[in-house]
Amino acid sequence: GVSSKVPHFATLYDLNPAQINTLVKTAIRYKNEVKVQGKKPTHLLPGSSVALLFSKRSTRTRVATETASNLLGAKAMYLASTDIQLGVNESLQDTTRVLSSMVDCIVARVNSHQEIEDLVKYSSVPVINALSDKFHPTQILADLMTLHETYTPQGKDPQSLNLQDTLGGRKVAWVGDGNNVLYSLMITLPKFGVDVGVSTPKGYDPRADIVQMAQGEAKKYNTKMDIVNSTAEAIKDSDVIVTDTWISMGQEEEKADRLRAFSGYQVTQKMIAEGGAKSDWKFLHCLPRKSEEVDDDVFYSNRSLVFPEAENRKWTIMAVLDALLVHKKFPEN
Ligand code: CP
Ligand code: NVA
């Protein structure tokens with residue numbers, strides 16, 4: 001396509017561990033510079049424009065991208081699909097070619113992942129996947145950052161350690177729907193030596209093509225990728241328990257069926273204790289959250305990392321903008 005030399009961020013599958021380490025450490029550096037030192041590095045992208053092409057709702061991803069853009073001196077433009085010609089009067093190809101002739105980056109939240117691939121094909125500027133039906137890579141960067149901060153030993157600088165140092169040998173358990181957030185975790189965690197246990201209700205299991213990719217990564221990095229039949233089996237010996245909504249955006253009409261099928265999948269203290277998680281287990285959820293998938297006792301407990309995780313969306317997206325627009329590539333250190 002027109003864009004073969006332009007770097008994109010469609011999926012973490014395409015990045016190596018060194019590149020992901022750089023993104024997370026850059027995010028931690030920006031968090032420190034902005035929050036602790038009070039800096040606003042607006043000199044980095046003055047006059048740049050970032051288009052947010054969103055065909056689904058968003059709180060975190062939108063605000064993270066807009067505020068990160070502001071801090072870097074770039075202007076963000078929110079283009080909801082209901083406000084622009086795309087889908088009604090204009091094709092994705094034409095919209096992409098026009099947008100990318102004017103802006104410096106397209107951040108897109110889409111339905112089918114094919115739309116991200118089409119954007120990558122037709123855009124002359126970097127494209128960032130802000131959620132597709134297959135992957136949510138910017139979310140998983142924030143999850144990795146949050147775990148890296150959490151598991152950095154007292155007195156050590158998280159920027160002096162790699163994700164392999166803080167996460168290697170740990171186990172992450174997923175209890176819930178086979179969805180985009182799970183898929184991104186499955187194809188990313190092996191890169192850092194993390195074992196994965198997955199329990200989904202019958203009929204809501206992870207897609208076969210993703211399982212194949214994830215098992216390939218697990219083999220490559222010598223980790224476990226266990227798709228199991230019970231929530232207890234997934235939770236056994238885990239350090240981190242993760243879930244997400246049972247009803248992703250676009251699945252609203254399946255609500256009744258899903259609530260029935262997911263009975264017994266609500267994450268609770270009892271489920272975690274009976275499953276045999278590590279005694280110092282932690283909990284992650286990308287948000288937005290409903291109490292059906294995790295009760296208040298877990299969600300608001302001191303084991304829950306969900307609010308730092310949400311905040312870290314901002315610092316990690318800032319790091320992605322830094323890579324794509326300042327460095328124009330994903331640096332390895
Ligand atoms: N976690 C996440 O992507 O949230 P939003 O849908 O609010 O952006
Ligand atoms: N799985 C959810 C994630 C929302 C951030 C969805 O796709 O709606």
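Each remark here, short or long, concerns the structure printed above.
Residues numbered from 1 in each chain as written. Chains lettered and ligands numbered in written order. Predicted model: local features only at pLDDT ≥ 70, side-chain atom pairs only at ≥ 80, totals over all residues. Heavy atoms only, no water.

### A look at the sheet that holds strand β9 (residues 282-285)
- Pairing in this open sheet of five strands is parallel, and the strands run β7-β6-β5-β8-β9 from one edge to the other. Lying at the two open borders of the sheet, with one neighbouring strand each, are β7 (225-228) and β9. Averaged over neighbouring strand pairs, the angle between their axes works out to 20° when direction is ignored.
- Bridge count for strand β6 (residues 195-199) against β7 is four bridges, and the pairing is parallel. Residue pairing across strands places S199 opposite V228, the latter belonging to β7.
- Where helix α7 (residues 180-188) meets the sheet, it contacts β5 (171-175), β6, β7 and β8 (240-243), and its direction lies at approximately 160° from that of β5. (Pairing = 2+ DSSP bridges. Helix = DSSP H or I, 4+ residues; strand = E, 2+ residues; numbered from the N terminus. Axes fitted to C-alpha atoms, helices over the stretch in contact; angles between N-to-C directions. Contact = heavy atoms within 4.5 Å.)

### What to know about the site of ligand 1
- The environment of ligand 1 is made up of S58, T59, R60, T61, R109, H136, Q139, C286, L287 and R313.
- Take R109: an N or O atom from its side chain is 2.8 Å from an oxygen atom of ligand 1.
- Taking R313, its side chain carries an N or O atom lying 3.1 Å from an oxygen atom of ligand 1.
- When ligand 1 sits alone it has 260 Å² of accessible area, and the protein chains cover 95% of it. (Near = heavy atom within 4 Å. Polar contact = N/O pair within 3.5 Å; in protein donor to acceptor, adjacent residues only side chain to side chain. Areas by Shrake-Rupley, 256 points an atom, 1.4 Å probe, with all protein chains shown as cover.)

### Focus on the site of ligand 2
- The environment of ligand 2 is made up of L131, H136, N179, N180, D244, S248, M249 and L287.
- S248 has a polar side-chain atom sitting 2.7 Å from a nitrogen atom of ligand 2.
- M249 is positioned with one of its backbone polar atoms (N or O) 2.8 Å from an oxygen atom of ligand 2.
- Considered on its own, ligand 2 offers 270 Å² of accessible surface; in the complex 94% of this is hidden by protein.
- Grouping the amino acids of the shell around ligand 2 by side-chain chemistry returns three nonpolar, four polar and one charged. (Nonpolar A, V, L, I, M, F, W, Y, C, P; charged D, E, K, R; others polar.)

### Side note on the pairing of strand β3 (residues 105-109)
- The element β3 is extensively covered by neighbouring structure, given that five of its five residues are classed as buried.
- Burial along β3 is two-sided: C105, V107 and R109 facing one way and I106 and A108 facing the other are all buried.
- Relative to strand β4 (residues 127-129), β3 runs parallel, the two being bridged by three bridges. Paired with I106 across the strands is V127, a residue of β4. (Buried < 20%, exposed > 50% of the residue type's maximum accessible area, 1.4 Å probe, protein only.)

### Topic: the pattern of salt bridges
- The full count for this structure, using the stated rule, is 15 salt bridges.
- A salt bridge links E252 to R57, with the nearest nitrogen and oxygen atoms 3.4 Å apart. Of the two residues, E252 sits in the loop between β8 and α10 (255-261) while R57 sits in the loop between β1 (49-54) and α2 (60-71), which places them 195 residues apart along the sequence.
- By relative accessible area, E252 is classed as partly exposed at 40%.
- By relative accessible area, which is 57% here, R57 ends up exposed.
- Note that R260 and D257 form a salt bridge whose closest N and O atoms lie 3.3 Å from each other. (Salt bridge = Lys/Arg side-chain N within 4 Å of Asp/Glu carboxyl O.)

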